[in-house]
Amino acid sequence: MKRTPTDIQDYRTFVLWLDFYSQLLTARTREVLELHYNEDMTVTEIAEHLAITRQGVHDKIRQGVSQLADYEAKLGLVQRFLTQKEQIAQAMADLDEGQADKARTTLSRLYQSLG
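S.K.: Please explain the packing of aromatic side chains as it appears in this structure.
M.R.: Two aromatic rings, taken as a pair, are described by how far apart their centres are and by the angle between their planes. Tallying each qualifying case throughout the model produces seven aromatic pairs. A ring pair is formed by tyrosine 11 and tyrosine 37, whose centres lie 6.3 Å apart and whose planes are at 45°; its orientation type is tilted. Placement of the pair is tyrosine 11 in helix H1 (residues 11-21) and tyrosine 37 in helix H2 (residues 27-38), with a sequence separation of 26 residues. Under the relative-accessibility criterion, tyrosine 37 is labelled buried at 14%. Put simply, the rings of Tyr11, Phe14, Trp17 and Tyr37 pair up and form one aromatic cluster.

In structure tokens, the structure reads:
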């Protein structure tokens, strides 16, 4: 079963999917998702704006969300980004606590993961 935005526990993660992978979508699907999620337009507003049916908008949203989930499942770029961000935050916290060696270890692991 495909994930939908209402199933995604962290809405910010979905928005990152859109940021990372939107250029892989068709222009129309990308436009519908951006209007709906970034511009907070309703399905009716999008349908009127793009001169398509409400059902067409719903279909594009479902299709786009499914594609974004598939891209993340295959490529994992958003999860990798979030993991790296977490490692940086931990290293900064370690530095704030005067634990330079621990921060160095964390940053070394991060550096190695980058290739």
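S.K.: Explanation requested: the packing of helix H3 (residues 43-50) against helix H4 (residues 54-75) in the structure shown.
M.R.: Two packed helices can be described by the angle between their axes and the distance between those axes. At their nearest, the axes of H3 and H4 sit 8 Å apart, and the two run at 110° to each other. The angle between H3 and H4 falls in the class roughly perpendicular. Taken together, the residues of H4 that come into contact with H3 (itself represented by Val43, Thr44, Ile46 and Ala47) are Arg54, Val57, His58 and Ile61. Considering only residue class, the contact of H3 with H4 consists of five nonpolar, two polar and one charged.

Parameters and conventions
- Residues numbered from 1 in each chain as written.
- Predicted model: local features only at pLDDT ≥ 70, side-chain atom pairs only at ≥ 80, totals over all residues.
- Heavy atoms only, no water.
- Phe/Tyr/Trp six-rings, centres within 6.5 Å; stacked < 30°, edge-to-face > 60°.
- Helix = DSSP H or I, 4+ residues; strand = E, 2+ residues; numbered from the N terminus.
- Buried < 20%, exposed > 50% of the residue type's maximum accessible area, 1.4 Å probe, protein only.
- Axes fitted to C-alpha atoms, helices over the stretch in contact; angles between N-to-C directions.
- Parallel < 35°, antiparallel > 145°, perpendicular 65-115°, else oblique.
- Contact = heavy atoms within 4.5 Å.
- Nonpolar A, V, L, I, M, F, W, Y, C, P; charged D, E, K, R; others polar.

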